[in-house]
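One letter stands for each residue in the lines below.
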Amino acid sequence: MRYYAAMLHMVDLEKNKKILPYHIEYLNKLDQQGKIWGRGPFSDKSGGMVIYIAENLEEAKYMAENDPHVLEGVRRLELKEWEVLKSP
């Protein structure tokens with residue numbers, strides 16, 4: 001398994017309030033399937049980040065692009081593979 005960081009940059013703060021419950025519901029389902037390592041908003045309200053667990057980039061891209069925030073144009077997606085380094 002690999003990790004993919006989906007940075008979700010805020011585009012429409014007002015529309016975000018309307019779509020947020022759908023975004024959370026979507027992520028809760030993926031979390032229950034073991035597809036999310038971590039998630040949460042940035043403290044400056046500029047967006048948030050989701051760390052997906054996926055077999056490959058295609059799977060991670062599919063999950064990230066089907067997030068209601070991305071589908072509705074509320075947030076701009078930036079997706080990168082993340083190499084987890086553990087402390088000694």
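Presented here is an overview of the structure given in this document. (Residues numbered from 1 in each chain as written. Predicted model: local features only at pLDDT ≥ 70, side-chain atom pairs only at ≥ 80, totals over all residues. Heavy atoms only, no water.)

## Topic: the sheet that holds strand S2 (residues 36-41)
The line we're drawing: Two strands make a pair as long as DSSP finds a minimum of two bridges between them. Each helix is a run of DSSP H or I of at least 4 residues and each strand a run of E of at least 2, with the numbering of both proceeding from the N terminus. Axis angles are defined between N-to-C directions and span 0 to 180 degrees, where every axis is a line fitted to C-alpha atoms and, for a helix, only to the segment in contact. Pairs of residues are marked as contacts when any of their non-hydrogen atoms sit within 4.5 Å.
Spatial ordering of the open sheet is given by S2-S3-S1-S4, a layout of four strands whose pairing is antiparallel. Each edge of the sheet is formed by a strand with only one pairing partner; in this case those strands are S2 and strand S4 (75-82). Averaged over all neighbouring strand pairs, the angle between strand axes comes to 15°, with direction disregarded. The strands touched by helix H1 (residues 13-32) within the sheet are strand S1 (2-10), S2, strand S3 (47-54) and S4, with S2 carrying the most contacts at an inclination of about 165°.

## Describing the environment of glycine 73
Quick reminder of the rule: Exposure categories follow from relative accessible area, calculated using a 1.4 Å probe and restricted to protein chains: below 20% of the type maximum is buried, above 50% is exposed, and the middle band is partly exposed.
Locating glycine 73 in the fold gives a position in the loop between helix H3 (68-71) and S4. For glycine 73, a relative accessible area of 38% corresponds to the partly exposed category. Remark: the alpha-carbon pair of glycine 73 and glutamine 32, spanning 41 residues in sequence, is separated by 25 Å.

## Examining helix H2 (residues 57-65)
Test applied: Picture the helix axis, draw a direction to every C-beta atom, and the arc is the one those directions span.
Every buried residue of H2 is listed here: Ala60, Met63 and Ala64. The buried side chains of H2 occupy one side of the element, clustering within an arc of 95° when seen end-on. Turned more than 90 degrees away from the buried face of H2 sit Glu58 and Tyr62, all of them exposed. Residues of H2 that are buried sit in contact with S1, H1, S3, H3 and S4.

## So, the packing of aromatic side chains
Where we set the bar: What counts as a ring pair is set by centres within 6.5 Å for rings of Phe, Tyr and Trp (its six-membered ring), and what kind of pair is set by the plane angle: stacked under 30 degrees, edge-to-face over 60, tilted for all other angles.
Throughout the structure, instances matching the rule amount to three aromatic pairs. Look at tyrosine 3 and tryptophan 37: their rings are 6.1 Å apart centre to centre, the planes differ by 80°, and that puts the pair in the edge-to-face class. Here tyrosine 3 is found in strand S1, whereas its partner tryptophan 37 is found in strand S2, with 34 residues between them in sequence. Ring geometry for tyrosine 3 and tryptophan 82: centres 6.4 Å apart, planes at 85°, overall edge-to-face. Within this pair, whereas tyrosine 3 is found in strand S1, its partner tryptophan 82 is found in strand S4, the two being separated by 79 residues in sequence.

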